[in-house]
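Structural characterization, general
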Amino acid sequence: MKRVIKLSLLILCYLQIQCYGQKKEELKKIKEETVSEKKNKQDEEIFQLEKPIKKTEGEYEAVYNGYKVLLNSNSNNQELTFFKNKTEIKKVLNFYYENGDIVFKLYKSNLDNLVLLIEGRDYYSSNLGIYYIDNKSNSIIEIDDTLVFRQEDPEKLGVKDLIGHISKEGDVLKSNFYLGDKFLYEKKYNIQKKIQQSIKTYGDNWLGIYQTQINKNSNDTNIMHIVSLKINKDSIIFEVNGYHVSQKYLLGAKEVQNKLKLEFIKDLSEYNDPQIEKIQDFGVVTFKDNLYMLRCPYIDLNFGYGLKQVCVLKKDISH
């Protein structure tokens, strides 16, 4: 009987040791996963570089320690050039900064990615753009160029400098903005999604400016509109202009054989249409028998008056 009791106690102790060991391993694993997850979320620390030491009016040049930013303007667009060591990166911006003064702020991460803020500043209000410079692709990714803020009574309080706190957790870029001590807003952006949208998925044979006139056979000249499609290496701009109509959109595209499928990314119009984001499909451009043809649900819905239109595009490659 004593032998049976001893054996039972030994078995019980053995099982407790096994359970304890198993529990310890589980706790260790959970701790490792938590540490790993925390490390992944905090693996990119971002800090602001020193202020520019040089600035040229008109060309808007700023020189940082080892970096240079240049914004050239003409009547059609503004081109942003970023110099990093011997690397030169250029991008034609979708937004035109036409304020009287341009201010740059540059942020660097421990993974050598950069965040650039462009502030088009006048005395009372400013437009603000956020740009992410990816070190792997050496490309400038437009994150957001729709931010606007106003100075608070600058005559009495003076013009206050914008303060930006930039951080990154995983793929999410978080931006908190302050004007002096006043909190303006917080913005969060999925960087990988923005990078994927910026990747060109079509051949250089599509590059150029395409135009067509819709409803050109109508007796009513008010419904005749010019449609322009500007396909660049890093962006596609879709515009409709006519009587009481001025609309501009940033599109993405994917090439499938001899077709280019267009998809909505962002409204660039002066007066945004809240319904536009429901129309993700901007149609297809087809190249056949030396003709470029556009079938566009957006045009059918807004300007087709119940008819599905097939627009023949005239291509200009000189630009």
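On the basis of which strands lie adjacent, the open sheet formed by 5 strands has the order 1-7-8-9-10 and antiparallel pairing. Strands at the two margins of the open sheet, each flanked by one partner only, are strand 1 (46-48) and strand 10 (139-150). Each strand of the sheet is rotated relative to its neighbour by a mean of 25 degrees, with strand direction disregarded. Examined bridge by bridge, strand 7 (residues 101-109) and strand 8 (residues 114-121) share 8 bridges and lie antiparallel to one another. In the sheet register, lysine 105 faces strand 8, and the bridge partner there is leucine 117. Along the sheet face, helix 3 (residues 191-198) touches strand 9 (125-134) and strand 10 and points at about 115 degrees away from the line of strand 10.

Moving on: the nonpolar core. Grouped together as the largest cluster of nonpolar side chains are 29 residues, with contacts concentrated most on Phe238, Leu262, Tyr298 and Ile299. The greatest single-element share of this core, amounting to 4 residues, is contributed by strand 17 (residues 245-256). Counting residues in hydrophobic clusters, the runner-up holds 21 residues, among them Leu49, Val69, Leu71 and Ile102.

This part is about a nonpolar patch on the surface. A surface patch of nonpolar side chains, amounting to about 280 Å² of accessible area, comprises Tyr123, Tyr124 and Val159. Positionally, tyrosine 123 belongs in the loop between strand 8 and strand 9.

So, on to the side chain of glutamate 142. Within the fold, glutamate 142 resides in strand 10. Accessibility expressed as a relative area gives 15% for glutamate 142, which makes it buried. Those residues in contact with glutamate 142 that lie beyond four places of it in its chain are Lys91, Val92, Leu93, Asn94, Phe95, Ile130, Tyr131 and Lys194.

Around the barrel, which closes on itself, the 8 strands sit in the order 14-15-16-17-18-19-20-21 with antiparallel pairing between neighbours. Each adjacent strand pair in this sheet contributes to an overall mean axis angle of 30 degrees, direction not counted.

The next subject is the pattern of salt bridges. According to the stated counting rule, one finds 11 salt bridges in the structure shown. As a salt-bridge pair, glutamate 186 and lysine 174 come within 3.7 Å of each other at their nearest N and O atoms. Taken as a pair, glutamate 186 in strand 13 (residues 182-190) and lysine 174 in strand 12 (residues 172-179) lie far apart in primary sequence, 12 residues in all. Connected through salt bridges with shared partners, the residues Lys105, Glu119, Arg121 and Asp161 form a single ionic network.

Okay, the side chain of serine 235 next. Among the structural elements, serine 235 can be located in the loop between strand 15 (225-231) and strand 16 (236-242). With relative accessibility at 7%, the residue serine 235 sits in the buried group. Aside from chain neighbours lying at most four places away, what touches serine 235 is Asn94, Tyr202, Lys230 and Leu250.

This paragraph deals with the packing of aromatic side chains. The relation between two aromatic rings is expressed through the spacing of the ring centres and the mutual angle of the planes. What the rule picks out here adds up to 13 aromatic pairs. Judged by centre distance (5.8 Å) and plane angle (85 degrees), the rings of phenylalanine 238 and tyrosine 298 are edge-to-face. With a gap of 60 residues between them, phenylalanine 238 in strand 16 and tyrosine 298 in helix 4 (residues 297-303) connect regions that are remote in the sequence. Assessed through its relative accessible area of 2%, tyrosine 298 is described here as buried.

Basis of the calculations
Residues numbered from 1 in each chain as written. Predicted model: local features only at pLDDT ≥ 70, side-chain atom pairs only at ≥ 80, totals over all residues. Heavy atoms only, no water. Pairing = 2+ DSSP bridges. Helix = DSSP H or I, 4+ residues; strand = E, 2+ residues; numbered from the N terminus. Axes fitted to C-alpha atoms, helices over the stretch in contact; angles between N-to-C directions. Contact = heavy atoms within 4.5 Å. Core = buried A, V, L, I, M, F, W, Y, C linked by side-chain atoms within 4.5 Å. Buried < 20%, exposed > 50% of the residue type's maximum accessible area, 1.4 Å probe, protein only. Patch = residues over 30% accessible without salt bridge, like charges linked within 9 Å, V, L, I, M, F, W, Y side chains within 5 Å. Areas by Shrake-Rupley, 256 points an atom, 1.4 Å probe, with all protein chains shown as cover. Salt bridge = Lys/Arg side-chain N within 4 Å of Asp/Glu carboxyl O. Phe/Tyr/Trp six-rings, centres within 6.5 Å; stacked < 30°, edge-to-face > 60°.

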